Amino acid sequence: WSETARGSVAGMICADLDDPSKRILRQCGALHALEIVTSTPLFLQLRVISPEQSEQFSALRISRSRALRKHARELVDGFGIPDHMLAPIASAWLSHNSR
């Protein structure tokens, strides 16, 4: 896809969203890109990124995951998945992890 096509698709997807929703979706996109780069050995093998950059990207992926954690339920709700299809930990994350 060309940059223009990607921009157009992103524009259509985000057209009706408010700014906080757009920000969260951009963070999800960045997290996805970091996941692809850090989990694909070919980037290192072809020296597209250095081992040091890979470590930095991994650390950034972890920090971005933590930043999105507070929006996890909102993101899941956006997909319309019924509560009965979610694991019990999804609705009781705080109580489950405070033990």
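Here, every reference points to the structure presented above.
Remember, predicted model here, so these are calculated numbers, not experimental data.

Procedures and definitions
Residues numbered from 1 in each chain as written. Predicted model: local features only at pLDDT ≥ 70, side-chain atom pairs only at ≥ 80, totals over all residues. Heavy atoms only, no water. Helix = DSSP H or I, 4+ residues; strand = E, 2+ residues; numbered from the N terminus. Contact = heavy atoms within 4.5 Å. Areas by Shrake-Rupley, 256 points an atom, 1.4 Å probe, with all protein chains shown as cover. Salt bridge = Lys/Arg side-chain N within 4 Å of Asp/Glu carboxyl O. Buried < 20%, exposed > 50% of the residue type's maximum accessible area, 1.4 Å probe, protein only. Expected span 1.5 Å × (residues − 1). Arc of directions from axis to C-beta. Axes fitted to C-alpha atoms, helices over the stretch in contact; angles between N-to-C directions. Left-handed = near helix turned anticlockwise from the far one by under 90°. Nonpolar A, V, L, I, M, F, W, Y, C, P; charged D, E, K, R; others polar.

(A) Region of the structure containing the overall build of the chain. Within the chain one finds 7 helices and 0 strands. For the chain, the sequential pattern of α-helices and β-strands runs α-α-α-α-α-α-α. A separation of at least 24 residues holds for 41% of the contacts in the chain among residues at least 6 apart in sequence. Surface summary for the chain: the accessible area is close to 7,800 Å², and the carbon and sulfur share equals 60%.

(B) Representation of the side chain of Ser54 within the structure. For Ser54, the location among the structural elements is in helix α4 (residues 51–69). Not counting residues within four places of it along the chain, the set of residues in contact with Ser54 comprises Thr38, Leu44 and Ile49.

(C) Geometry of the pattern of salt bridges. Across all of its chains, the model carries 2 salt bridges by this definition. Among the salt bridges present, the one from Arg61 reaches Glu35, with a minimum N-O distance of 3.5 Å. One end of the pair, Arg61, is in helix α4; the other, Glu35, is in helix α2 (residues 19–39), with 26 residues separating them in the sequence. Using a relative accessible area of 22% as the deciding quantity, one classes Arg61 as partly exposed. Taking the relative accessible area as the measure of exposure, Glu35 reaches 35% and is therefore partly exposed. For Asp77, the salt bridge is made with Arg73, and the minimal N-O distance between the two is 3.1 Å. Here Arg73 and Asp77 lie together in helix α5 (residues 72–78), a separation of 4 residues that amounts to about one turn.

(D) Geometry of α2. Under the 1.5 Å per step criterion, the end-to-end length of α2 is 30 Å for 21 residues, consistent within 8% with the ideal 30 Å. Among the residues of α2, Ile24, Leu31, Leu34 and Val37 are the ones counted as buried. Viewed end-on, α2 has its buried residues packed into an arc of 145 degrees, placing them on one side of the element. Exposed and facing more than 90 degrees away from the buried side of α2 are Arg26 and His32. Where α2 is buried, its residues meet α3 (41–45), α4 and α5.

(E) A look at the packing of α2 against α4. At their nearest, the axes of α2 and α4 sit 9 Å apart, and the two run at 145 degrees to each other. Considering how the two elements wind past one another, α2 and α4 form a crossing that is left-handed. Between α2 and α4, the residues in contact are Ile24, Gln27, Cys28, Ala30, Leu31, Leu34, Glu35, Val37 and Thr38 and Ser54, Phe57, Ser58, Leu60, Arg61, Arg64, Ser65 and Leu68, respectively. Broken down by class, the residue content of the contact of α2 with α4 amounts to 9 nonpolar, 5 polar and 3 charged.

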